Amino acid sequence: MKILKGNVTTPRGFTGGAICCSIKPTNTRRTDLGIIYSEVPCTAAGIFTTNKVQAAPVKLTRKHLANGRAQAVAANSYVANTCTPDGDETALAMAEAAADALGLETADIIVASTGVIGRSLPVDAVKDGIATLAPQLHVDGGDAVAKAIMTTDTVDKQAAIQCTLGGKTCTIGVVAKGSGMIDIQMGTMLAFTTTDAAISASMLDAALRTAAETTFNMVCVDGDMSTNDTLTIMANGLAGNTEIREKNADWQTFVDALTVLYTEMAKALAADGEGATKLVMATVSGAVSEKDARIAAKSIIRSDLVKTALFGSDANWGRILCAIGYSGAAMDPETVEVSFSSEAGDITVCQAGRAVPVDEDRATAILDTKAVTIRVCLGEGPGKATAYGCDLSYDYVKINGDYRS
């Protein structure tokens with residue numbers, strides 16, 4: 001495998017681009033609509049928010065992907081198209097406009113939106129933007145797509161990876177956005193994946209769900225689950241490998257590559273959490289099972305008290321034990337060990353559920369970095385898992401206190 005400096009238009013046969021539709025009336029320059037297009041039909045799959053309140057684009061795209069096919073993505077920022085009286089009609093109009101402009105069937109369009117809930121999307125402006133943008137799509141357009149779907153993100157998030165399937169070099173590209181309203185099981189996240197690998201729709205769906213389980217589904221910024229979460233993948237087969245139709249060695253290689261790629265995106269989403277000053281990873285080992293390890297890691301990364309302690313570079317490990325204790329994971333407090341590590345070193349702060357002598361100045365120095373790992377060993381079994389999050393700063397409140405303006 002080889003990580004590339006690429007994006008969703010790096011795999012063969014994909015183009016993209018972005019345009020400003022002035023969806024936010026006070027911003028007439030920043031791009032707010034992106035399109036990703038495959039020159040040939042694709043097998044496709046998607047995973048969506050589990051929130052009972054769901055955006056119109058989520059409901060429409062789930063319907064469109066039911067047949068395991070897609071050929072293009074149309075996504076906008078600034079307005080979520082959620083809980084509006086005309087949401088369903090607007091989402092469909094957006095898909096129809098993209099289909100008309102690209103010469104496709106409406107059912108082959110993936111539609112996604114992100115932004116403020118409860119505001120209607122200016123559909124005429126979006127339709128005009130799609131018509132103008134479609135003829136301008138190009139192989140270098142992936143970067144523009146990444147910037148167009150950003151909301152409170154401070155950096156774009158995109159990458160690509162190559163792997164060998166059936167003797168052929170295959171490429172997978174991904175673009176994601178997300179900064180706040182992010183809880184375990186995805187968050188305010190749009191993520192679009194493209195690949196030139198040949199893989200059946202059922203195997204693509206299985207690969208997507210397997211890779212997402214330990215990556216995107218292990219991210220938490222603030223504990224709020226979005227109404228718009230959308231993670232999709234399109235595979236056009238232009239790499240020329242023998243189509244993957246079963247869970248064989250090639251399928252596992254594809255899953256491994258997808259997992260590596262999504263892990264990079266999970267870290268990027270967590271590190272760019274609203275107001276965050278550091279990426280925080282909670283790695284739990286020694287759990288009774290992988291499931292229990294995930295439960296414990298998620299509880300640690302979700303805890304506001306843990307997050308605020310890390311913002312202050314305070315090695316307050318008692319909050320970590322507390323979070324594990326109420327998580328529901330099987331554990332014996334008498335066997336738990338906790339340590340912190342970063343580029344500044346590592347330090348053990350708890351053994352057998354008890355305090356150990358700690359150099360507080362050294363602990364602070366280890367935590368006062370851009371990326372910190374909390375390591376927990378439960379001493380119960382072989383289960384292990386990692387969750388991705390961030391600290392909680394004053395700026396989170398500032399950002400969300402006036403989000404709609």
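Residues numbered from 1 in each chain as written. Predicted model: local features only at pLDDT ≥ 70, side-chain atom pairs only at ≥ 80, totals over all residues. Heavy atoms only, no water.

Take the nonpolar core next. Ranked by internal contacts, the top residues of the largest apolar core, which has 76 residues, are F254, F340 and V376. The biggest single contributor to this core is helix α6 (residues 249-271), with eleven residues. In this structure, A95, I130, L133 and A134 belong to the second largest nonpolar core, which totals 27 residues. (Core = buried A, V, L, I, M, F, W, Y, C linked by side-chain atoms within 4.5 Å. Buried < 20%, exposed > 50% of the residue type's maximum accessible area, 1.4 Å probe, protein only. Helix = DSSP H or I, 4+ residues; strand = E, 2+ residues; numbered from the N terminus.)

Within helix α10 (residues 360-367) the residues assigned to the buried category are A363, I366 and L367. Looking straight down α10, one finds that the buried residues subtend no more than 95 degrees of arc, so they occupy a single side. Those residues of α10 that are buried lie in contact with α8 (304-311), β11 (337-342), β12 (345-351) and β14 (371-377). At the N-terminal boundary of α10, the capping side chain belongs to D359, with an oxygen 3.1 Å from the backbone nitrogen of D361. (Arc of directions from axis to C-beta. Contact = heavy atoms within 4.5 Å. Polar contact = N/O pair within 3.5 Å; in protein donor to acceptor, adjacent residues only side chain to side chain.)

Within this structure, the stated rule accounts for one cavity of 30 Å³ or more. In this model, the largest cavity occupies a volume close to 50 Å³. Lining the largest cavity are V306, A309, L310, D314, N316, W317, R319, I320, F340 and I374. Taken together, the elements giving at least two residues each to the lining of the largest cavity come down to α8 and α9 (318-325). Among the residues forming the lining of the largest cavity, the class breakdown is seven nonpolar, one polar and two charged. (1 Å grid on protein atoms, 1.4 Å probe; cavity = no way out; pocket = protein on both sides within 12 Å on 5 of 7 lines; lining within 4 Å. Points joined across faces, edges and corners; volume = space filled by probe spheres on them. Nonpolar A, V, L, I, M, F, W, Y, C, P; charged D, E, K, R; others polar.)

All right, on to helix α7 (residues 290-302) then. Taking 1.5 Å of rise per residue, 13 residues should cover 18 Å, and α7 covers 18 Å from first to last C-alpha, within 8% of that figure. For α7, the complete set of buried residues consists of D292, A293, R294, A296, A297, K298, S299, I300 and I301. Summarising the contacts, the buried residues of α7 are in contact with α5 (201-213), β10 (279-287), α8, α9, β14 and β15 (383-390). (Expected span 1.5 Å × (residues − 1).)

This part covers the state of the cysteines. Using the criterion set out here, one finds zero disulfides in the structure. Cysteine C322 remains unbridged, with the sulfur of C350 as its closest cysteine sulfur at 13 Å. Using a relative accessible area of 45% as the deciding quantity, one classes C322 as partly exposed. The thiol sulfur of C377 is not disulfide-bonded, and the nearest other cysteine sulfur, from C350, lies at 11 Å. (Disulfide = S-S within 2.5 Å.)

For the structure shown, the criterion picks out eleven salt bridges. Across the pair D196 and R12 runs a salt bridge whose closest N-O atoms are separated by 2.9 Å. Here R12 lies in the loop between β1 (2-4) and β2 (14-19) and D196 lies in the loop between β8 (190-195) and α5, a separation of 184 residues in the sequence. By relative accessible area, which is 1% here, D196 ends up buried. Of the charged contacts, one joins D88 and K59 as a salt bridge, the two residues approaching to 3.7 Å between their closest N and O atoms. Pair noted here: D88 is in helix α2 (residues 87-102) and K59 is in helix α1 (residues 56-64), with a separation of 29 residues, a long-range link. On the accessibility criterion, D88 (48% relative accessible area) is partly exposed. K59 gets classed as partly exposed once you look at its relative accessible area, which sits at 41%. (Salt bridge = Lys/Arg side-chain N within 4 Å of Asp/Glu carboxyl O.)

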